[in-house]
Amino acid sequence: MRIVIAGAGIGGLAAALSLHAAGFGDVTVLEAVPELRPLGVGVNLLPHAVRELTELGLADRLAAIGMATAELAYFNRYGSAIWSEPRGLDAGYRWPQYSVHRGALQLMLLAAVRERLGPDAVHTGTRVDGAYPDCDLLVGADGIHSAVRARMFPGEGPPPWNGLVLWRGTTHGAQFLTGRSMIMAGDGVMKFVAYPIALDGDTALINWIAERPLGRDAADLGDWNRPADPEEILRHFGDWRFDWLDVPGIIKAAGVVYEYPMVDRDPLPHWSQGNAVLLGDAAHAMYPIGSNGASQAILDARVLAHSLATTGGIGAYEEARRPVTTALQLANRGMGPEVVMKLAHERAPGGYDDIERVIPYRERAEIAASYKRTAGFDPALLNERPSWSVR
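Since we're looking at a predicted model, the values are computed, not measured.

Asker: What exactly am I supposed to notice about the overall build of the protein here?
Answerer: Each helix and strand in the protein was counted, giving 13 helices and 19 strands. Projected onto its principal axes, the C-alpha coordinates of the protein cover approximately 60 × 45 × 45 Å. When contacts within the protein are restricted to residue pairs at least 6 apart in sequence, those whose partners lie at least 24 apart make up 77%. In the structure as shown, the protein presents an accessible area of about 15600 Å², 50% of it carried by carbon and sulfur atoms. Here the protein holds 36 positive side-chain charges and 45 negative ones, and the gap between their average locations is 2 Å.

Spelled out as structure tokens, the structure:
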């Protein structure tokens, strides 16, 4: 069976490794850019994705480039605590949660593909556009502007924008809270996210995201790497100083800042047509809420390989993955677990002394647990689920 994968992003490379591990020997990855470089900023890999990379034999490589996340914590606009929970091994999972530079993760996967599938398994400077290549199966892992998806759904148009912008950057700065905490602070309209992706003594490389309504027309919908002016961000976040985090200081000290209008794609009625099937953002691009984009692409890759190896087709893949990711896309449009920041602001816009009187513990816990169930990383269910490895 000759398989061609369009796109050498995280999903496409994970698919190549998964298909190879499942016994498929004729797999080629076609990538449009002439050279793969470590672009982007940080991403999170939740335990369900780390499980899949571990079962692909990549645990040590991932640990070498990632920061094991210990805690996720939400705060209001003034830095007062709303909710916190342990993450990864500290939360009872059998696998860690990692924060990692997206480019480092992509290059790690690329190296593994070339080692296992051969040095010529990935062809750069080769765009899949127009007619499908000659193969038995084409896997469209070519992102939010997927040419494979556009061929299936030619009238879809550009990804819809919700009016918000994400400004993203990385900064060398002082550690905060546990030293391995991922924090989100905001009020449902404006938000600041920060988490370390590497440590150097008492200093951390902090990945951060500042989010708010843009207030002007957006350019380059779906482009993660458009440079931005830090001064524009500081006009909105310049007074966000907490006892435990200096937000404007982090923004000012960033090397490069990128602007990304928050876009996604509408859920699809099907992911396959003829000999082509979609995967990752090409299938279900979602708002970057709940730290799920890269993780869901990796899960797609593993389930696709399992479906092909065990049933000889892709029906089981779409049956298993499309309802789950559709629910997740819609949950992210509703703010997912981050809705606790919106609720805290609506119920106590001037702040509070006791969060229990604003959002009772039971309500906060159910919001967090419900999203884990939707996204597939409920601890008990994940720890007990059968493996998607086939040999």
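Asker: Where do I start with the packing of aromatic side chains in this structure?
Answerer: Each aromatic ring pair is characterised by the separation of its centres together with the angle its planes make. Enumeration over the complete set of coordinates arrives at nine aromatic pairs. Geometrically, the ring pair formed by Phe 192 and Phe 237 is tilted, given 6.4 Å between the ring centres and 50° between the ring planes. Taken together, the residues span a long stretch of sequence, with Phe 192 in strand β12 (residues 191-200) and Phe 237 in helix α6 (residues 230-237) at a distance of 45 residues. By relative accessible area, which is 0% here, Phe 192 ends up buried. Through a chain of ring-to-ring contacts, three or more aromatic side chains come together here, namely Phe 75, Phe 192, Trp 208, Phe 237, Trp 240, Phe 242 and Trp 244. A cation over an aromatic ring shows up here: Arg 385 above the ring of Trp 388, its NZ or CZ 3.7 Å from the ring centre.

Asker: Explain the nonpolar core to me, please; I cannot follow it from the model alone.
Answerer: For soluble globular proteins, the rule of thumb is that nonpolar side chains tend to be buried together. Membership of the largest hydrophobic core comes to 73 residues, with the highest contact counts inside it found for Ile 3, Ile 5, Leu 45, Leu 105, Leu 109, Leu 138 and Val 148. Excluding anything up to four places from it in sequence, Leu 105 contacts Ile 10, Val 43, Leu 45, Leu 62, Ile 65 and Val 100.

Asker: It is not clear to me how the sheet that holds strand β2 (residues 26-30) should be interpreted in this structure. Could you clarify?
Answerer: The strands that make up a sheet are held in pairs by hydrogen bonds between backbone atoms, and each pair lies either parallel or antiparallel. The strand order across the open sheet built from six strands is β8-β2-β1-β9-β19-β18, with neighbouring strands paired in mixed fashion. Edge positions in the sheet fall to β8 (122-123) and β18 (272-273), since each of these pairs with one other strand and no more. Examined bridge by bridge, strand β9 (residues 137-140) and strand β19 (residues 276-278) share three bridges and lie parallel to one another. By the bridge assignment, Val 139 is partnered in β19 with Val 277. The sheet contacts of helix α1 (residues 10-21) involve β1 (2-6), β2 and β8, and relative to β1 the element is tilted by about 160°.

Asker: Where do I start with the packing of helix α2 (residues 47-55) against helix α9 (residues 293-311) in this structure?
Answerer: Each packed pair of helices is defined by two parameters, the angle between the axes and the distance between the axes. Between α2 and α9, the shortest axis-to-axis distance is 8 Å and the interhelical angle comes to 45°. Taken together, the axes of α2 and α9 lie oblique to each other. For the element pair α2 and α9, the recorded crossing hand is left-handed. Residue-level contacts link His 48, Ala 49, Glu 52, Leu 53 and Glu 55 of α2 to Ser 295, Gln 296, Ile 298, Leu 299 and Arg 302 of α9. Broken down by class, the residue content of the contact of α2 with α9 amounts to four nonpolar, three polar and three charged.

Asker: Can you walk me through the environment of Thr 310 in this structure?
Answerer: Along the chain, Thr 310 turns up in helix α9. Spatially, the C-alpha atom of Thr 310 lies 33 Å from that of Gly 336, the residues being 26 residues apart in sequence. From its side chain, Thr 310 meets the backbone oxygen of His 306 in a polar contact 2.6 Å long.

Asker: Before we go on, may I ask you to explain the pattern of salt bridges in this structure?
Answerer: When charged atoms on two side chains of opposite charge get close, those side chains can pair. Taken as a whole, this structure holds 24 salt bridges when the rule is applied. Two residues, Arg 61 and Glu 115, come together in a salt bridge whose shortest N-O distance is 2.6 Å. Within this pair, whereas Arg 61 is found in helix α3 (residues 59-65), its partner Glu 115 is found in helix α4 (residues 102-117), the two being separated by 54 residues in sequence. Classification of Arg 61 by relative accessible area gives partly exposed; the value is 30%. The residue Arg 333 makes a salt bridge to Asp 264 at a minimum N-O spacing of 2.7 Å. Residue Arg 333 is located in helix α10 (residues 315-333), and its partner Asp 264 is located in the loop between β17 (257-263) and β18; the two are separated by 69 residues in the primary sequence.

Asker: I would appreciate a short explanation of α4 in the present structure.
Answerer: Side chains three or four residues apart in an α-helix point the same way, a direct result of the helix having 3.6 residues per turn. Compared with an ideal rise of 1.5 Å per residue, which puts 16 residues at 22 Å, α4 spans 22 Å between its outermost C-alpha atoms and is within 8% of the ideal. Restricting attention to buried positions, one finds in α4 the residues Gly 103, Leu 105, Gln 106, Met 108, Leu 109, Leu 110, Ala 112 and Val 113. Those residues of α4 hidden inside the fold are in contact with α1, β3 (42-45), α2, α3, β7 (98-101) and β8. A positive backbone phi angle near 110° is found at Gly 118, which sits one or two residues after α4.

Asker: Just to check I follow, could you spell out the sheet that holds strand β4 (residues 66-68) for this structure?
Answerer: Ordered in space as β3-β7-β4, the three strands form an open sheet in which the pairing is antiparallel. Two strands in the sheet have a free side with no partner beyond their single neighbour: β3 and β4. Each strand of the sheet is rotated relative to its neighbour by a mean of 25°, with strand direction disregarded. Pairing geometry for β4 and β7, over three bridges, is antiparallel. Following the sheet pairing, Ala 68 is matched in β7 by Tyr 98. Across the sheet, α4 touches β3 and β7, and the angle it forms with β7 is around 85°.

Cut-offs applied
Within each chain, residue numbers correspond to sequence positions counted from 1 in written order. The predicted origin of the model limits local features to residues at a pLDDT of at least 70 and limits the giving and counting of side-chain atom pairs to 80 or more, whereas totals for whole chains, interfaces and linings rest on all residues. Working from all heavy atoms in the structure, the side-chain values ignore hydrogens and water. Working definition: helices are DSSP H or I runs of at least four residues, strands are E runs of at least two. Numbering for both runs from the N terminus. We call two residues in contact whenever any of their non-hydrogen atoms come within 4.5 Å of each other. The method behind every accessible area is Shrake-Rupley, applied with a 1.4 Å probe, and residues are considered shielded solely by the protein chains displayed. Just so you know, the count uses Lys and Arg for positive and Asp and Glu for negative, and it drops His and the chain ends. We put the charge of a Lys on NZ, of an Arg on CZ, of an Asp on CG and of a Glu on CD. Two rings belonging to Phe, Tyr or Trp (six-membered ring only in the last case) form a pair when the distance between their centres is within 6.5 Å. Interplanar angles under 30 degrees mark stacking, angles over 60 mark edge-to-face geometry, and anything in between is tilted. Each residue gets one of three labels from its accessible area relative to the maximum for its type: buried under 20%, exposed over 50%, partly exposed in between, using a 1.4 Å probe on protein chains only. Note on criteria: charge over ring means Lys NZ or Arg CZ within 6 Å of the ring centre, with the direction from the centre no more than 35 degrees off the ring normal. To qualify as a nonpolar core, a set must consist of buried Ala, Val, Leu, Ile, Met, Phe, Trp, Tyr and Cys residues joined through side-chain atoms within 4.5 Å. The pairing criterion is simple: DSSP has to find at least two bridges between the two strands. All axes here are fitted lines through C-alpha atoms, helices being fitted over the stretch that makes contact, and every angle between N-to-C directions spans 0 to 180 degrees. Note that the term roughly parallel is reserved for angles under 35 degrees, roughly antiparallel for angles over 145, roughly perpendicular for angles of 65 to 115, and oblique for everything else. The sense of a crossing depends on the near helix, which, turned anticlockwise from the far helix by less than a right angle, makes the crossing left-handed and, turned clockwise, makes it right-handed. Under the convention adopted here, Pro, Cys and the residues Ala, Val, Leu, Ile, Met, Phe, Trp and Tyr are nonpolar, Asp, Glu, Lys and Arg are charged, and Gly plus all remaining residues are polar. Under this definition, polar contacts are N or O atom pairs within 3.5 Å; protein pairs additionally need one hydrogen-donor-capable and one acceptor-capable atom, and for neighbouring residues in sequence, both atoms have to be side-chain atoms. Each reported salt bridge corresponds to a side-chain nitrogen of Lys or Arg within 4 Å of a carboxyl oxygen of Asp or Glu. Each helix should span, by expectation, one fewer than its residue count multiplied by 1.5 Å.

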